[in-house]
Amino acid sequence: MKRMVLVLLGFVLIVGSIGAQGKSERAAQSGPVTLKYAFWGNPDAIGVEQDIIEAFETLHPDIKIEPIVSGYADYHTKIMTMIAGNMAPDVMRIDDYYFFDFIKLGAVESLTPYIERDGIDLDLYPKMGIEEAVVDGQLYGLPWGTAPLYMLLNLDVFERAGIPLPPLDWTIDDFERIVRSFNPKVDNVYGYAIDTNNISIILPAVWAKGGSLLSEDKSQYTGDQSGAVAAIQLIADLYQQGYLPKDSVNAGNTEALRRWFSNNSLAMMSGSAQEILAIQNIEGMRFEAWTMPQAKGSKNTTVFKSNTISIAKASKQKEAAWTFTKFLRGVEGEDLYVRAKRFPPTLNIPENWDLYLEAGRYPKMIKENSELIAAEYGHTLPLRTGYAAIEAKIMPAVQAAMLGKNAQQAMSEIRADIMKIIETNSK
Amino acid sequence: MIRAEGRAAFLFLLPNIIGFLIFSLVPTLSSFALSFVNWGLLDKPSFTGLANYRELLSDSIFWLTLKNTALYSFVKVPLNLILSLLLAILLNQRLRGRNFFRAVAFLPSVCSSVAVALIWSPLLESSKNGLINHLLSFFGIDVIPFLVSPLWAMPSVIFVGLWKELGYFMVIFLAGLQGISRSYYEAASIDGANARVAFFNITLPLISPTTFFALTTSLIGSFQIFDLTSVLTKGGPANATNTLVMYIYQNGFQFFRMGYASALSLILFITIFIITLVQNHWADKWVFD
Amino acid sequence: MGIRLMNTIHTSHKARRLLPAIALSLLLALLTAFFFIPFWWMIATSLKTYSEVYTRQYSLIPTSLHFENYRSVFRALPFAKYLYNTFKISALVIIGTLTTSSMAAYAFARLNFKGRDVLFFLYLATLMIPRQVVLIPNFIIFRELGLLDTQWSLVLSGIFTAYGTFLLRQFFLSIPKELEEAAVIDGYGYWARFVNIIIPLSKAALTTLLIITLLSIWNEYLYALVFLQSDKNRTLTLGISLLRGDFDVKWNQVMAATVISVAPIVLVYLSAQRYFVEGIALTGVKG
C-alpha cells in the first residue's frame, strides 16, 4: 500500500512539472500588449463595454483588451479568486462596498502618480465618488456609475389616493404621514415597502432622524444611539402596524418590490439607476425619481453610491492599463456609456444629460433631481474596511426589530461584535 | 492470493485515484492547512496557529448557523428518505404512465438550487398574491408568513428542499429496488408471507446498501445547504435560516477572512464526519454487505 | 392504506385491484400537481411579455404565447454554443466517471487490500468539505497545470469526485457474491468477472450514476465561473447568470433560458429510464 502511494505521488509530481513548464513558455510574449479587463453586466451592458473596447483599440492598436465578464452575483468571488491565484485582471471594476478592503489588502495600485503626471482634472469626477477611493491622500481608482439611490414615487398610486407629491425637501415626518395615509388592509395598496438586503435601505431614515450607524470617521459604532434607534423603531412600528408588506423583512425580497411597484400597489420604494432602467420598460409606468425624506435643517439623506475602476497592483502592464483606464473613465468612455443609457451622466458634463434623456419618458425630472441630489441632498455610505461584515451584523438586528424586538435592545446587542470587527480591521 | 488481490486492487484503483489525489484530496488537505492562517485572499496568508479555532468557539453566529444547519438536516433527511422510498415503491408498480410520473417526480431535481429558489420565492409570498397563500385562502386559512417569520422560515426552506430532492432520491431507491430479484418475493409468497413481512424482511434489508448511500449523501448534502437559503431568505429573518456553509462563504468571499472560513469548514467536516461514523457504526447492524 | 400498498410490491400485476383506483389516481394527480405546477409557472413566465412578468406575475396562463423570448435568448448570447459546451463537458465527465468510478468501486467492494477502509473513508471525507472552500486550492492547481480557461478544468474536477465511487461501491456490495463465485470456479479473473458479471447487473446503478453526474455537471456554476473566462468556453449556467446580470432582469427571457437548459436533461432522463431493468435473473445459481 505504501509503495502504491509513493508511485502515485511521483506520478503527480511529474504531471505537475510538465504542466508548469508549458505555462511558463506561454508567459514570454512580445508584440501587442493584452490587458485583462474585468466587469459585470447583462447582455445589454456587455454591448456597451464592447463598443468602448473597440473604440479604444482603434485609437491604440498596440493594446488589446480581453474582457472578463460575469453576472453581478459572485463577480467579486471570481476576481478575488483570480487575484488569490496570481492571475489578477489588469483593470477591474469593483463595487465600493469592497473597495476599501481591496485598498487595505494591497490589491490595487495608487493612481495619484499617473494623475499628476498626466494632469488629469479631478474636478471632472463626482466628488463623492472620489471620496470612496481615497486613502491617506492617495487615489486608488476612478469612479464608475456614481449615482443616487432615489426614492421612486409611483404617480398613479399617489393620484388615485388623492395625495399630492411631496416637495423635494420633505421631512421624515411628511414621509411617515404619507405612509400612514394608506389603508393596505382594505385595498392592498401600500405606501412604502423595503427589503432588508443592505444598510443603504435604512440609512436615509437614520440620517433623517439625526443619527448615524457609524461615526463620521467610521471608527465608532453609533447605531445604538437615539437617532438611529428612532429611525429603526419607526420602520419597525410601521411594519408591525401593517403599513409595510409582510415580505419587507425578507432580504431576498428585491424582486417583489418591483412587482408591487409595477402593479400600482406600492406608492414609494427605494431605487437605483438600474432599477429605473428596468421599470422604464414596463408599459404604462408613470413614476419620478425623488430625494429621500430629510431631517428638519439637514438635507443630506439621499445615498450617493459609486463603483471604482482600478488597476491591479499585480498587473505587469500598468502603463497600458492606465491608458485604458483614462479612456474608460474619461470623456470618451462616459460619452459611450451615457449614449447607451448604461447609467445617468456621472461626469461634470451637463450636455451629457441630453444624450441620456428621452423626451416624454419617465422619470421626467431625473435630470434636475439628480443634479440637485449631487449638489445638496447626497450623502455617501459609511464605507470602510469590513463594511460587509458590519452590514451582516446590522441587518439581522433591523430584522429582529421589525419582527417585534425593541429597537434599542436590538441595536445595542450588536455593539460588541461590530466594535470587534472595526478593531480587527483597523490593525 | 492476498498479494494478487492487492495488485489487482492497485490496477482497478489507478485511473480514479490519481485524479482523486490531485483534484480532491490535495485541495481538501490545503483547505485544512488554510485554517491556521489569516488570509484576505488579496494579500499573502499569515500564520496564526489556533487563533481561528479559539475565535469560533465564542462566535455566536457560528453556533447559531450550526444549530440551523443541524435542524434543517435532521428534519429534512429522514422525511426525504422515507417519502422518496415510498414514492419509489409506488412508482415501481406496473402502473399506466409510470414513466411519466417518474419523470414528473424527478423534474424538480433537474433545476439548480438557485433556479428552484427563484421559482418558489414568489409562490411563497406572504400575501394573498402568493400562489400558496392564495390556495390556502380557499380553505379559510389566514396568510402564512412563510419566508418572513422566524417560526415558518426554516420549515419553508425544508419544504422547498424536499420538493427539489424527493424525486432525486426516488431515482436512487428505484435503482436499489431494481436489484432485488423477484424470486425472493416469489419464494416468500410461497412460504405464505404477507406484504408487510416481505417489505421488512426482504425489501429493506436488500436495499440497505442503497439506503446507507442515500442516508450518508443526503446528510452530507443537507449539512452543506447554501444556495437555497441564499436566494429564498438570504439567511434571514434575523439569521433564522443562516446556514454554516453560507456563513463560511460570507467569511471567505465577503468578509475577507479565508482562514477563518477554512477553520469553520474543518469544524463542519468534523461534524459531518462524526455523524457519518455514528451512522456507519449503527449501519453495521442493518446493512447487508 | 399502508398494508394494501405494501402488498403491491411483489404482486405488482394486482396493483389495480388492491389500491382503490380512485385513491391511487387522486394521489398521483396530487403528486403531479405538487411537482409540476412550479414548472408550469416557469414555462408560463417564459412566454409572457416583459411587462406581463410584473403585472400578471401570478397567472399560470400568459395572455398569448411569446415564443420570441426563446429566440431572443439565442440572439442575446451565443446560447447554442453554451449548450454545445455544456453537452461536451458533461459527456466527457460521464464517460470518465462511469469508467474510473466503477473500477475503483469494484476494488472497494470486492477486493481486500491493506488500508482499504481507510482509503475509502478518505474518499468519503472529501465529500464533507464544502466546494466553496476548496475552490481556491483547485484554482491554483489548475493554474499550475495550465488548464485555466479550458474546458478540461471542468471535466477533470467533475470526474474525480468521490460520489460515483461511493454510489457504485454500495450497489456492488448488494450484488450477491454467489454470482461471482460460480465464475471463479470457471477460472474467471477479476477483470473478467468485473466486465462480464458485475457491469451487466449494474445497469440501473450505472444509469443512475449517469443521471446524477449529468445533473451535477450540467448545473455546475461556481467552478465554471472561476475556471472559465472566454466566451467560447462558457457553459449554460454562466450564460443564464449573464442574462440575469444585475437589476434589470428580463425574467421572461431568463425563464426561457432556464427551460432551454433544463430540457436536454429531461430528455436524457426519459430515454435512460428503460435501463431501470426490473430484477436480476438468477438462472443457474442455487437459490
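Everything below is about the structure printed above this text.
Everything quoted here is computed from the prediction, not taken from an experiment.

A. How the structure looks around the overall build of chain C. When helices and strands are tallied, chain C shows 16 helices and zero strands. The long-range fraction of contacts in chain C, counting pairs at least 24 apart against all pairs at least 6 apart in sequence, stands at 70%. Counting every atom, chain C has about 11500 Å² of accessible surface; 67% of that belongs to carbon and sulfur.

B. Main features of the packing of aromatic side chains. Residues and elements named next belong to chain A. Per the stated rule, a full pass over the model turns up 55 aromatic pairs over all chains. Ring geometry for Trp-40 and Tyr-75: centres 5.2 Å apart, planes at 70°, overall edge-to-face. A residue pair is termed long-range when its members are at least 10 positions apart, and Trp-40 in strand 1 (residues 33-40) and Tyr-75 in helix 3 (residues 75-84) qualify at 35 residues. Here the two residues Trp-40 and Tyr-75 agree in accessibility, since each one is buried.

C. Summary view of the interface of chain A and chain C. Every contact between the two is made by 44 residues of chain A and, on the other side, 37 residues of chain C. Between chain A and chain C lies a buried interface of about 3400 Å² when both sides are counted; carbon and sulfur atoms form 59% of it. Run the count over chain A and chain C and you get one salt bridge. A salt bridge links A:Asp44 to C:Lys250, with the nearest nitrogen and oxygen atoms 3.0 Å apart.

D. Quick peek at the interface of chain B and chain C. The partner chain C presents 96 residues to the 107 residues of chain B that form the contact. Ranking the residues of chain B by area buried against chain C places B:Phe12, B:Asn16 and B:Phe23 at the top, with a combined share of 9%. The tally of links between chain B and chain C comes to zero salt bridges. Linking chain B to chain C there are eight residue pairs in polar contact (both at pLDDT 80 or more). Broken down by element, the residue count for the side of chain B that touches chain C peaks at 23 residues, all from helix 1 (residues 2-34) of chain B. For the side of chain B that touches chain C, the residue count by class is 72 nonpolar, 27 polar and eight charged.

E. Local environment of the nonpolar core. Residues A:Phe102, A:Met268, A:Ile394 and C:Phe172 are the most contacted members of the largest nonpolar core, which totals 355 residues. Top contributing element to this core by residue count: helix 7 (residues 150-178) of chain B, with 15 residues. Other than its neighbours up to four places away in sequence, A:Ile394 contacts A:Ile199, A:Ile202, A:Leu213, A:Tyr221, A:Met411, A:Ile414 and A:Ile418.

F. Molecular detail of helix 13 (residues 273-280) of chain A. In terms of burial, helix 13 of chain A is a largely internal element, eight of the eight residues being buried. Taken residue by residue, helix 13 of chain A has A:Ala273, A:Gln274, A:Glu275, A:Ile276, A:Leu277, A:Ala278, A:Ile279 and A:Gln280 as its buried positions.

G. Spotlight on unusual backbone geometry. In this chain, A:Tyr362 is followed by A:Pro363 through a cis amide linkage whose omega measures -5°. Inspection of the secondary structure assignment puts A:Pro363 in the loop between helix 16 (352-356) and helix 17 (366-377). At the junction of B:Gly236 and B:Pro237, the peptide bond is cis and its omega measures out at -10° in the coordinates. Counting through the fold element by element, B:Pro237 comes out in the loop between helix 11 (227-232) and helix 12 (244-253). One non-glycine residue, A:Asn264, lies in positive phi territory at about 60°. The phi dihedral of B:Asn239 is positive, around 65°, even though this residue is not glycine. With respect to the secondary-structure elements, B:Asn239 resides in the loop between helix 11 and helix 12. Given a relative accessible area of 11%, B:Asn239 falls into the buried group.

Reading guide: rules and limits
- Residues numbered from 1 in each chain as written.
- Chains lettered and ligands numbered in written order.
- Predicted model: local features only at pLDDT ≥ 70, side-chain atom pairs only at ≥ 80, totals over all residues.
- Heavy atoms only, no water.
- Helix = DSSP H or I, 4+ residues; strand = E, 2+ residues; numbered from the N terminus.
- Contact = heavy atoms within 4.5 Å.
- Areas by Shrake-Rupley, 256 points an atom, 1.4 Å probe, with all protein chains shown as cover.
- Phe/Tyr/Trp six-rings, centres within 6.5 Å; stacked < 30°, edge-to-face > 60°.
- Buried < 20%, exposed > 50% of the residue type's maximum accessible area, 1.4 Å probe, protein only.
- Buried area = accessible area lost by both parts, 1.4 Å probe.
- Salt bridge = Lys/Arg side-chain N within 4 Å of Asp/Glu carboxyl O.
- Polar contact = N/O pair within 3.5 Å; in protein donor to acceptor, adjacent residues only side chain to side chain.
- Nonpolar A, V, L, I, M, F, W, Y, C, P; charged D, E, K, R; others polar.
- Core = buried A, V, L, I, M, F, W, Y, C linked by side-chain atoms within 4.5 Å.

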